[in-house]
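Okay, here's what each chain looks like letter by letter:
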Amino acid sequence: MRWQDAIRSFVPPIFVELNRLAGDFDNPVGLWHYWQARRKCAHDAYITWLCQVTGGWLSPKSGNIQAFYHAISRLPPSTGILEVGSFLGLSTNIISYLMHKLSCDAGFFSSDPWIFESTEEPIGGFFDAASPDYRRYVKETFLANGRIYGGTKRSHAFELASDDFFVRWGEAGEQVDLYERSVRFGGGLGFVYIDGNHTHEQSRRDFENSDRFLVPGGFVLFDDSADAGQHEGCRRTVAEVVATGRYRRVFRQPNYFFQKLR
Ligand SMILES: C[S@@+](CC[C@H](N)C(=O)[O-])C[C@H]1O[C@@H](n2cnc3c(N)ncnc32)[C@H](O)[C@@H]1O
């Protein structure tokens, strides 16, 4: 456990919440948008249930879910949604559900090669998360979760590293997803959720590739980019996004969620 996490485990939840909100005290409009989304999602029965029955790192109060809600409810017309990094499909199925709830008809795509980070050492000295058996288990569980929980908005899932996904997206044309459905690639994206490999090199490349296809008014959310988080690479990437001057921060709860200006 890192020392920041150790301290956090002693702090009453109200202070954790206040500290999180403090991330947007310089941005009252963003704070207001965050609260609007949170009112809709934090006590939603299906989101709560999905977070309980699916492995992953989200809870109904996660700022990421409020960002999904904000982006989907304001998605620029005729654009698609892309998730980079799906794991077992928790975030994937929450996005599918919110698309249903918000009557969003965009195409929804997800890409994951099911190659996990930080697996050099066995977890707890016991479990090898880099084994082919575990990779197969995660992929098959993702597919089963999509079938059972994704409803009519189930993602067009691809077993691809994000770099390869973007190459194919740029080529445009017909592709067959992991559920054996044919779908057309190409065109503008209105929301990209970046939650794949968290190194600076890869998260930056995921941003640069997303930027090529994101339309003005579109959204991008970086998982694990919180100021106090453990992924220095993602923090560097979001600083570079700010430096472009072409993105405005919608909110930071605690991860950075941007809207493209131009
Ligand atoms: C933190 S998990 C994703 C969790 C998921 N978004 C959720 O919230 O339920 C990260 C995932 O990124 C995937 N990944 C690693 N490198 C990737 C890459 N280059 N492109 C896309 N996904 C990648 C891993 O296989 C892993 O499943």
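What counts and what doesn't
Residues numbered from 1 in each chain as written. Predicted model: local features only at pLDDT ≥ 70, side-chain atom pairs only at ≥ 80, totals over all residues. Heavy atoms only, no water. Phe/Tyr/Trp six-rings, centres within 6.5 Å; stacked < 30°, edge-to-face > 60°. Near = heavy atom within 4 Å. Polar contact = N/O pair within 3.5 Å; in protein donor to acceptor, adjacent residues only side chain to side chain. Areas by Shrake-Rupley, 256 points an atom, 1.4 Å probe, with all protein chains shown as cover. Buried < 20%, exposed > 50% of the residue type's maximum accessible area, 1.4 Å probe, protein only. Helix = DSSP H or I, 4+ residues; strand = E, 2+ residues; numbered from the N terminus. Arc of directions from axis to C-beta. Contact = heavy atoms within 4.5 Å. Expected span 1.5 Å × (residues − 1). Salt bridge = Lys/Arg side-chain N within 4 Å of Asp/Glu carboxyl O. Patch = residues over 30% accessible without salt bridge, like charges linked within 9 Å, V, L, I, M, F, W, Y side chains within 5 Å. Pairing = 2+ DSSP bridges. Axes fitted to C-alpha atoms, helices over the stretch in contact; angles between N-to-C directions.

Engineer: Where do I start with the packing of aromatic side chains in this structure?
Structural biologist: Geometrically, a pair of aromatic rings is defined through the distance of the ring centres and the angle of the planes. Using the criterion set out here, one finds 31 aromatic pairs in the structure. With a centroid separation of 5.1 Å and 90 degrees between ring planes, the pair formed by Phe127 and Tyr134 is classed as edge-to-face. What links up through ring pairs into an aromatic cluster is the set Tyr34, Trp35, Phe68, Phe191, Tyr193, Phe219, Phe251 and Phe257.

Engineer: Quick question: what am I supposed to make of the site of the ligand here?
Structural biologist: Residues in close proximity to the ligand total 20 residues, the closest being Gly85, Ser91, Asp112, Ser162 and Asp195. For the ligand, a nitrogen atom lies 2.8 Å from a polar atom in the side chain of Ser91. Between the ligand and Asp195, the relevant distance is 2.7 Å, taken from a nitrogen atom to a side-chain nitrogen or oxygen of the residue. A total of 600 Å² of accessible area belongs to the ligand in isolation, and the protein chains cover 92% of it.

Engineer: Hey, could you run me through helix H8 (residues 162–171) in this one?
Structural biologist: Residues three or four positions apart in an α-helix share a direction because the helix packs 3.6 residues into each turn. Buried residues of H8: Ser162, Phe165, Phe166 and Trp169, and no others. One side of H8 holds all its buried residues, which, seen down the axis, span an arc of 95 degrees. Where H8 is buried, its residues contact strand E1 (80–84), strand E2 (108–111), strand E3 (156–158), strand E5 (182–185), strand E6 (189–194) and helix H9 (200–213).

Engineer: Even after reading the chapter, I still don't get H9, so can you show me in this structure?
Structural biologist: Across its 14 residues, H9 extends 20 Å between first and last C-alpha, which sits within 8% of the 20 Å expected from 1.5 Å per residue. Three or more residues of H9 are buried, namely His200, Gln202, Ser203, Asp206, Phe207, Asn209, Ser210, Asp211 and Phe213.

Engineer: I'm lost on the pattern of salt bridges in this one. Help?
Structural biologist: A side chain with one charge may pair with a side chain of the opposite charge, provided their charged atoms come close. Scanning all chains against the criterion turns up 17 salt bridges. In this structure, the salt-bridge partner of Arg252 is Asp26, at a minimum N-O distance of 3.8 Å. One end of the pair, Arg252, is in strand E8 (residues 247–252); the other, Asp26, is in the loop between helix H2 (13–22) and helix H3 (28–41), and 226 residues separate them in sequence. For Arg252, a relative accessible area of 14% gives the class buried. Here Arg252 and Asp227 are joined by a salt bridge, their closest N and O atoms 3.4 Å apart. Residue Arg252 is found in strand E8, and its partner Asp227 is found in the loop between strand E7 (214–222) and helix H10 (232–244); the two are separated by 25 residues along the sequence. You can call Asp227 partly exposed: its relative accessible area is 48%. Taken together, the shared-partner salt bridges in this structure form one network comprising Asp24, Asp26, Asp227, Arg249 and Arg252.

Engineer: What exactly am I supposed to notice about a nonpolar patch on the surface here?
Structural biologist: A grouping of Ile123, Phe126 and Phe127 is seen on the molecular surface, where their side chains present a nonpolar patch of about 360 Å² in accessible area. Examined against the element boundaries, Phe126 turns out to sit in the loop between E2 and helix H7 (132–149). By relative accessible area, which is 74% here, Phe126 ends up exposed.

Engineer: Please explain the sheet that holds E1 as it appears in this structure.
Structural biologist: One key point about sheets: their strands pair by backbone hydrogen bonds, in either a parallel or an antiparallel sense. An order of E3-E2-E1-E6-E7-E9-E8 is seen for the seven strands of this open sheet, with the pairing classed as mixed. The open sheet is flanked by E3 and E8, the only strands paired with a single partner. With direction set aside, neighbouring strand axes in the sheet form an average angle of 15 degrees. Relative to strand E9 (residues 256–260), E7 is paired through three bridges, and the arrangement is antiparallel. Each bridged residue has a counterpart across the sheet, and for Leu221 the counterpart in E9 is Phe257.

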